[in-house]
Amino acid sequence: MKPCFSIGLLLLLGCAGCNNQSDAVPASENEIDAARNFIRASLDRNWPEAKKFMLQDSSNVERLNSIERLYLHEDREERRGYREASITTYDTRKISDSATVVVYANSYKNKKDSLKVVRVDGEWLVDLKYTVLPIGSPR
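What counts as what
- Residues numbered from 1 in each chain as written.
- Predicted model: local features only at pLDDT ≥ 70, side-chain atom pairs only at ≥ 80, totals over all residues.
- Heavy atoms only, no water.
- Salt bridge = Lys/Arg side-chain N within 4 Å of Asp/Glu carboxyl O.
- Helix = DSSP H or I, 4+ residues; strand = E, 2+ residues; numbered from the N terminus.
- Buried < 20%, exposed > 50% of the residue type's maximum accessible area, 1.4 Å probe, protein only.
- Core = buried A, V, L, I, M, F, W, Y, C linked by side-chain atoms within 4.5 Å.
- Contact = heavy atoms within 4.5 Å.
- Phe/Tyr/Trp six-rings, centres within 6.5 Å; stacked < 30°, edge-to-face > 60°.
- Lys NZ or Arg CZ within 6 Å of the ring centre and 35° of its normal.
- Pairing = 2+ DSSP bridges.
- Axes fitted to C-alpha atoms, helices over the stretch in contact; angles between N-to-C directions.

Draft legend 1. Here's a closer look at the pattern of salt bridges. By the definition in use, this model includes 11 salt bridges. In this structure, the salt-bridge partner of Glu31 is Lys94, at a minimum N-O distance of 3.3 Å. Highlighted residues: Glu31 in helix 2 (residues 31–43) and Lys94 in strand 1 (residues 87–96), separated in sequence by 63 residues. Judged by relative accessible area, Lys94 falls into the exposed class, the value being 53%. For Glu74, the salt bridge is made with Arg79, and the minimal N-O distance between the two is 4.0 Å. Of the residues examined, Glu74 reaches a relative accessible area of 10% and is grouped as buried. Connected via shared salt-bridge partners are Arg45, Glu74 and Arg79.

Draft legend 2. Fine view of the nonpolar core. Membership of the largest hydrophobic core comes to 20 residues, with the highest contact counts inside it found for Phe38, Leu115, Val117 and Leu128. Sort the elements by how many residues they give to this core and helix 2 lands first, with six residues. If near-sequence neighbours (up to four positions away) are discounted, Phe38 is found in contact with Ala50, Phe53, Met54, Leu64, Leu115, Val126 and Leu128.

Draft legend 3. Representation of the packing of aromatic side chains within the structure. Considering all chains together, one arrives at three aromatic pairs under this definition. A centroid spacing of 6.1 Å and a plane angle of 75° characterise the contact between Tyr71 and Tyr82, whose relative ring orientation is edge-to-face. Here the residue Tyr71 occupies a position in helix 4 (residues 58–71), and Tyr82 occupies one in helix 5 (residues 76–84), the gap between them amounting to 11 residues. Cluster of aromatic residues (ring-pair linked, three or more members): Trp47, Tyr71, Tyr82 and Tyr108. One cation-aromatic arrangement involves Arg45 over Tyr71; the distance from NZ or CZ to the ring centre is 3.9 Å. When the ring centre of Tyr82 is taken as reference, the NZ or CZ atom of Arg45 above it lies at 4.0 Å.

Draft legend 4. The sheet that holds strand 3 (residues 113–120), seen in detail. Overall, antiparallel pairing links the four strands, which are arranged 1-2-3-4 in an open sheet. Edge strands, defined here as strands with exactly one partner in the open sheet, are strand 1 and strand 4 (123–127). The mean inter-strand angle of the sheet, taken between neighbouring strand axes irrespective of direction, is 30°. One ladder, built from five bridges, connects strand 3 with strand 4; its direction is antiparallel. Among the inter-strand pairings, Val120 is bridged to a residue of strand 4, identified as Glu123.

Okay, structure coming up:
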């Protein structure tokens, strides 16, 4: 009976180790991938996941927390609409080798918006600190 218990315990411990690895989020391959990953997590209202694709500083964290608080009051239908929305990328504007603006919309609201994505230590991350004027706006 002891060998069966030992094998079961080893299997259980092995599965527990696998779960920790599944929590890891793969790095975005490029600036568009980083923006898409962040937007998808935001549309799904998965704020911890969205945070993983964001530049980690106090200003960005506070902005994301503010956005999260705004969406706490959504009704069920609105949340469903965002979850089911697709993402359309309209334009990308390379600011430098390490910064790009991605212009996008989701199919639920269909309103263009933009995100600045920066490369820090080889990783592409969304930076919410910068408000970017829409294309064609007076500067």
